[in-house]
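Structure at a glance
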Amino acid sequence: MPREIGKVGVVGLGTMGAGIAQVCIQAGLETVGREVSDELGERARGRIEHYLGRAVEKARLSPEEKDAALARLTTSTELEDLAGCDLVIEAVVEDLEAKRELFRELERVLAPEAVLATNTSALSVTEIAEAVEHPDRVVGMHFFNPAPVLRLVEVVRTKRSAEDAVEAVFVFAERVGKEPIRCDDTPGFVVNRILIPLLNDCVRVLDEAGVSPEDLDTAMTLGVGWPIGPCALIDLIGVDVHVHASEAIHAALGEDRMSPPERLVRMRDEGLLGRKSGRGFFAYDRAAPDRP
Ligand SMILES: NC(=O)c1ccc[n+]([C@@H]2O[C@H](COP(=O)([O-])OP(=O)(O)OC[C@H]3O[C@@H](n4cnc5c(N)ncnc54)[C@H](O)[C@@H]3O)[C@@H](O)[C@H]2O)c1
C-alpha cells in the first residue's frame, strides 16, 4: 500500500523550493518550509505571495483561495519543525555533501515511515541515500523550473528505494497536479541526460557557424518547433546552474558533448547568468518576475 502523504516539508526555499512549496499549498497540503535564516524564509513567503497575487489578478485563483493557500505554509529555521511530515522534499544547493548531511539530520528528526525526496538535477540519488540508515525511504523527485508551471516530475528510484516509497511520491505528484514519470537513478535521469548535451551542442554551433543568439533561437523555434529557443532556455535555467549540471553529467558519463562549452564557462565567470542576473545571452528587466 502506498504511504499516504498528509503533511509535507520542503527544505531550501530558493528558486525550486519556493516553487515546490507553492505547488503543495495550492493543492491543499499543510507545508513546512525550512530555510537557513528567518529572512530567507520570509523572502520566499513574499515571492510565493507575489505569484499567488498574480494568479488572482488573472482570475485563476480567488482572493480567498490565495489566503487559504498562504495559511497552509509555515516557515522555520528549525529542522525539528519538520517532525510531523510524511514527505520531505529537499531543494538545497546542488552539493552532494550538503545533501548527505541534511538527509542524515532529517532521518534523526522524522518518523521512520516518512519518505525523503531529493530534487537534485544531476547528482546521484543513490549516493545521497547511502548517507542514511534506511536508504529504502529515499527517492528522487525532480521538479522542473518554474515548478508551479511545468507539469513534469521525474520520480527516480534507486536500486534500494522501497516500492511503496516510490509509489507514494508518484501518487503525491499526481495529487499536486503534476504528470509524473518513473525512471532509474542514471546520470541526468531522462530530461537532463538528453537536454544538457543538446543545449551544449546549440551553444557550440553559435561559434562554429557564426550565428547570433537571436538567430539560433529563431532557427530552433521556427525550424524545429521548439517552444523556446536554446539561448532563452539557458538564460531561464541559469548559466551557472547549467554549467554545474553539465560538469556533473560529464563527470558521470565522460562524453565530450556533456562538458560545458568554453563560452558558457566564461559567461558564468563574468556573472552573465541569465534572467536572474539581468543579463545572459539576452538582457532582462530584473524588476520583472521570472515566471508566470
Ligand atoms: N534551478 C533549476 O532550474 C533547478 C531545476 C530542477 C532542480 N534543481 C535542483 O534543485 C535544488 C535547488 O536549486 P535552486 O535553483 O532552487 O537553488 P537556490 O540556490 O535558488 O536555493 C537553494 C536554497 O537552499 C537554502 N539552503 C541551503 N542549505 C540549506 C539547509 N541546510 N536547510 C535549509 N535551506 C538550505 C539556501 O539558503 C537557498 O535559499 C538543487 O539541487 C538543484 O540542482 C534546480
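Here, the structure is the one placed above.
Notes on the structure follow. As the structure is a prediction and not an experimental result, all values here were calculated from the model. (Residues numbered from 1 in each chain as written. Predicted model: local features only at pLDDT ≥ 70, side-chain atom pairs only at ≥ 80, totals over all residues. Heavy atoms only, no water.)

Check the secondary structure of the chain and you find 11 helices and 8 strands. Computed over the C-alpha atoms, the radius of gyration of the chain is 19 Å, within 12% of the 19 Å expected from 2.2 N^0.38 for a compact globule of 292 residues. Its C-alpha atoms put the chain at 55 × 45 × 35 Å along the principal axes. Burial status across the chain gives 48% buried among its 292 residues. Sequence-distant contacts, at least 24 apart, represent 69% of the contacts inside the chain between residues at least 6 apart. Carbon and sulfur atoms make up 51% of the accessible area of the chain, which amounts to about 13,500 Å² in all. Once the 34 positive and 51 negative side-chain charges of the chain are each reduced to a mean point, those two points are 2 Å apart. (Helix = DSSP H or I, 4+ residues; strand = E, 2+ residues; numbered from the N terminus. Rg over C-alpha atoms; globule rule 2.2 N^0.38 Å. Buried < 20%, exposed > 50% of the residue type's maximum accessible area, 1.4 Å probe, protein only. Contact = heavy atoms within 4.5 Å. Areas by Shrake-Rupley, 256 points an atom, 1.4 Å probe, with all protein chains shown as cover. Lys, Arg positive; Asp, Glu negative; His and termini not counted. Charge placed at Lys NZ, Arg CZ, Asp CG, Glu CD.)

Moving on to the nonpolar core. Leu 87, Ile 89, Met 141 and Phe 172 are the most contacted members of the largest nonpolar core, which totals 40 residues. Excluding its chain neighbours within four sequence positions, the residues that come into contact with Phe 172 are Ile 5, Val 8, Cys 24, Leu 29, Leu 87, Ile 89 and Met 141. With 21 residues, the next largest nonpolar core counts Leu 110, Ala 114, Leu 123 and Val 138 among its residues. (Core = buried A, V, L, I, M, F, W, Y, C linked by side-chain atoms within 4.5 Å.)

Okay, the site of the ligand next. The ligand sits among 19 residues. The nearest are Met 16, Glu 35, Glu 94, Lys 99 and Ser 121. Glu 35 places a side-chain nitrogen or oxygen 2.5 Å from an oxygen atom of the ligand. At the level of elements, helix H1 (15-26) and strand S6 (138-143) are the ones that each hand at least two residues to the shell around the ligand. Counted by class, the shell around the ligand contains 7 nonpolar, 8 polar and 4 charged residues. (Near = heavy atom within 4 Å. Polar contact = N/O pair within 3.5 Å; in protein donor to acceptor, adjacent residues only side chain to side chain. Nonpolar A, V, L, I, M, F, W, Y, C, P; charged D, E, K, R; others polar.)

Let's shift gears to unusual backbone geometry. The amide bond that connects Asn 145 to the next residue, Pro 146, takes the cis arrangement and shows omega of 0°. Locating Pro 146 in the fold gives a position in the loop between S6 and strand S7 (152-157). Notably, Ala 59 is not glycine yet its phi reads approximately 60°, a positive angle. Checked against the element boundaries, Ala 59 lands in the loop between helix H2 (38-57) and helix H3 (63-71). When its relative accessible area of 68% is taken as the criterion, Ala 59 is described as exposed. Phi at Phe 189 takes a positive value of approximately 55°, unusual for a residue other than glycine. Here Phe 189 shows up in the loop between strand S8 (179-184) and helix H7 (191-208).

Turning our attention to the environment of Asp 86. With respect to the secondary-structure elements, Asp 86 resides in the loop between strand S3 (73-76) and strand S4 (87-90). C-alpha separation for the pair Asp 86 and Ala 111, spaced 25 residues apart in sequence, amounts to 7.8 Å.

Enumeration over the complete set of coordinates arrives at 0 aromatic pairs. The ring of Phe 170 has Arg 182 lying over it, and the distance from NZ or CZ to the ring centre is 3.7 Å. (Phe/Tyr/Trp six-rings, centres within 6.5 Å; stacked < 30°, edge-to-face > 60°. Lys NZ or Arg CZ within 6 Å of the ring centre and 35° of its normal.)

What follows is about the sheet that holds S7. Taken in spatial order, the 8 strands of this open sheet run S3-S2-S1-S4-S5-S6-S7-S8, and their pairing is mixed. Two strands bound the open sheet, and with one partner strand each, they are S3 and S8. Across the sheet, the axes of successive neighbouring strands diverge by a mean angle of 25°, strand direction being ignored. Where S6 and S7 come together, 4 bridges link them in antiparallel fashion. In the sheet register, His 142 faces S7, and the bridge partner there is Glu 154. Against the sheet, H1 contacts strand S1 (7-11), strand S2 (30-34), S3, S4 and S6, and its axis sits at roughly 170° relative to S1. (Pairing = 2+ DSSP bridges. Axes fitted to C-alpha atoms, helices over the stretch in contact; angles between N-to-C directions.)

This brings us to the pairing of strand S5 (residues 115-118). Side chains Val 115 and Ala 117 project from S5 onto one buried face, and the interleaved Leu 116 and Thr 118 project onto a second face that is buried too. Examined bridge by bridge, S4 and S5 share 4 bridges and lie parallel to one another. Bridge pairing in S5 links Val 88 to Leu 116. Relative to S6, S5 runs parallel, the two being bridged by 3 bridges. Counted as the bridge partner of Thr 118 is Gly 140 from S6.

Checked against the element boundaries, Thr 158 lands in the loop between S7 and helix H6 (163-175). Among the polar contacts listed, one links the side chain of Thr 158 to the backbone nitrogen of Arg 160, at a separation of 3.0 Å. In contact with Thr 158, not counting residues within four places along its chain, are Val 125, Thr 126 and Asp 185.

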